[in-house]
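Residue-level listing of the chains:
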Amino acid sequence: MGEVDPAFVQDQQHRPKLSIIQAEGIPQIDLTPILQHELPNPSTIDTLVKEIGSASREWGFFQVINHGVPLSLRQKLEEASRKFFAQSLEDKKKVGRDEINPTGYYDTEHTKNVRDWKEVFDFLSKDPTFVPLTSDEDDDRVIQWSNPSPQYPPQFRDIIEEYIEEMEKLAYKLLELIALSLGVEAKRFEEFFKDQTSFIRFNHYPPCPYPHLALGVGRHKDAGALTILAQDDVGGLEVKRKTDQEWVLVKPTPNAYIINVGDIIQVWSNDAYESVEHRVMVNSEKERFSIPFFFFPAHDTEVKPLEELINEENPSRYKPYNWGKFLVNRKSSNFQKKNVENIQIYHYKI
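A quick note: this is a predicted structure, and the numbers were derived from the prediction, not measured.

Enquirer: How do you make sense of the sheet that holds strand 3 (residues 104–106) when you look at a structure like this?
Expert: Each strand in a sheet pairs with its neighbour through backbone hydrogen bonds, running either in the same direction (parallel) or in the opposite one (antiparallel). Spatially, the 8 strands line up as an open sheet ordered 1-2-14-11-16-9-6-3, and their pairing is mixed. A single partner strand is all that each edge strand has here, and the edge strands are strand 1 (28–30) and strand 3. Mean inter-strand twist for the sheet, computed between neighbouring axes without regard to direction, equals 25 degrees. In this structure, strand 3 lies alongside strand 6 (residues 119–124), joined through 3 bridges in antiparallel fashion. From the neighbouring strand, Gly104 faces strand 6, where its bridge partner is Asp122.

Enquirer: Please clarify how the pattern of salt bridges should be interpreted in this entry.
Expert: Side-chain pairs of opposite charge can arise whenever the charged atoms involved come near each other. Applying the stated criterion to the full structure yields 27 salt bridges. Between Arg74 and Glu78 there is a salt bridge, with its nearest N and O atoms 3.2 Å apart. Here Arg74 pairs with Glu78, and both are found in helix 3 (residues 71–85), just 4 residues apart, close to one helical turn. On the basis of relative accessible area, Arg74 is assigned to the buried category, the value being 5%. Looking at Glu78, the relative accessible area reads 23%, which means it is partly exposed. A salt bridge links Glu190 to Lys187; its shortest N-O distance comes to 3.7 Å.

Enquirer: Whenever I open this one, the packing of helix 3 against helix 5 (residues 156–181) confuses me. Can you help?
Expert: The contact between helix 3 and helix 5 brings their axes to 10 Å, and the two run at 140 degrees. The orientation of helix 3 relative to helix 5 falls into the category oblique. Crossing handedness for the pair helix 3 and helix 5: left-handed. Across from Leu73, Arg74, Lys76, Leu77, Ala80, Ser81 and Phe84 in helix 3, the residues of helix 5 making contact are Phe156, Ile159, Ile160, Glu162, Tyr163 and Glu166. The residue makeup of the contact of helix 3 with helix 5, split by class, is 8 nonpolar, 1 polar and 4 charged.

Enquirer: When you look at the packing of aromatic side chains in this model, what are you seeing that I'm missing?
Expert: To describe a pair of aromatic rings, one takes the distance between the centres and the angle between the planes. Applying the stated criterion across every chain, the model contains 25 aromatic pairs. Seen from their ring centres, Trp59 and Phe61 are 5.9 Å apart, and the 70 degrees between their planes marks the pair as edge-to-face. Residues Trp59 and Phe61 agree in their burial class; the two are buried. Both rings, one in Phe193 and one in Phe295, keep their centres 4.2 Å apart while their planes meet at 5 degrees; by these two values the pair is stacked. Of the two residues, Phe193 sits in the loop between helix 5 and strand 9 (199–205) while Phe295 sits in strand 16 (residues 288–295), which places them 102 residues apart along the sequence. The exposure classification of Phe193 matches that of Phe295, with both residues buried. The cationic tip of Arg74 hangs over the ring face of Tyr257; the distance from NZ or CZ to the ring centre is 4.7 Å. Here the basic side chain of Lys331 rests over the ring of Phe199, its NZ or CZ set 3.9 Å away from the ring centre.

The rules behind these values
- Residues numbered from 1 in each chain as written.
- Predicted model: local features only at pLDDT ≥ 70, side-chain atom pairs only at ≥ 80, totals over all residues.
- Heavy atoms only, no water.
- Pairing = 2+ DSSP bridges.
- Helix = DSSP H or I, 4+ residues; strand = E, 2+ residues; numbered from the N terminus.
- Axes fitted to C-alpha atoms, helices over the stretch in contact; angles between N-to-C directions.
- Salt bridge = Lys/Arg side-chain N within 4 Å of Asp/Glu carboxyl O.
- Buried < 20%, exposed > 50% of the residue type's maximum accessible area, 1.4 Å probe, protein only.
- Parallel < 35°, antiparallel > 145°, perpendicular 65-115°, else oblique.
- Left-handed = near helix turned anticlockwise from the far one by under 90°.
- Contact = heavy atoms within 4.5 Å.
- Nonpolar A, V, L, I, M, F, W, Y, C, P; charged D, E, K, R; others polar.
- Phe/Tyr/Trp six-rings, centres within 6.5 Å; stacked < 30°, edge-to-face > 60°.
- Lys NZ or Arg CZ within 6 Å of the ring centre and 35° of its normal.

So, in structure tokens, the structure goes:
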């Protein structure tokens, strides 16, 4: 990635600012109360639920500490990820993504139709994962996506699978807390994830000679339910602060996870919670690595506001949509540049 190709250049209004604002007051939530083996104290859980509720409402994301994911496993995974990306392009392309199967390696992802300055490796939680063949509403054919088998580094696949188990455990705990914070039953969301379409992504952002023109990932909101992000110490994640719409930098906290509330939770909550707009800056000197886990429901999930949260004063703000169709539509527009905006939840606004 030497000279900047125009495909990477952001429109003027979306380019990174040279003066960086460090985010203050990002909610940091300690999950110790739900990890204890003895019965948790109800008032501690209540406090936790309130913290998660206000973070989801005011920021759309938060950091968690004491989350129960073994640090040694995370370090093993981060090391394997670095080794994978250090291979030659030819070797990485042996497990390359194609039009049919959107897993594996690729370096041509587009966000909002501008190419991202990064390379990625995607791996599904469930192998195989069932999804609709097309995004056409009247086509009910289903296909399966499956995972690549990287040969290098050795045991990469085993380490990924072990880590995904930990991510799922954490995601279910967080979903329960979010459900309670909305005033619904703790396990309310669980049924939607029985045949989940979740995946993990390994991001590598090489140094960029033009960090003022390109972005590692352009501005976007996450389409799924939750994103659990492990980032290294280089930093680069910016979120759009809701109070003043300014882009602010999220400083990495060692061994914490950043949790993004996704669009699906925004719809389920009928806009009580809002997913956060974010982007990734690139660095002219340092490479950066990050590992997000995207927690997605089953393909046949009908996404719509929860009945318990709707009444005459608070009518439904969204028409229902099929998650699998939405996902397939999104995946195709990330793979190659389209002439139209990719699908968003506001297309279903009432």
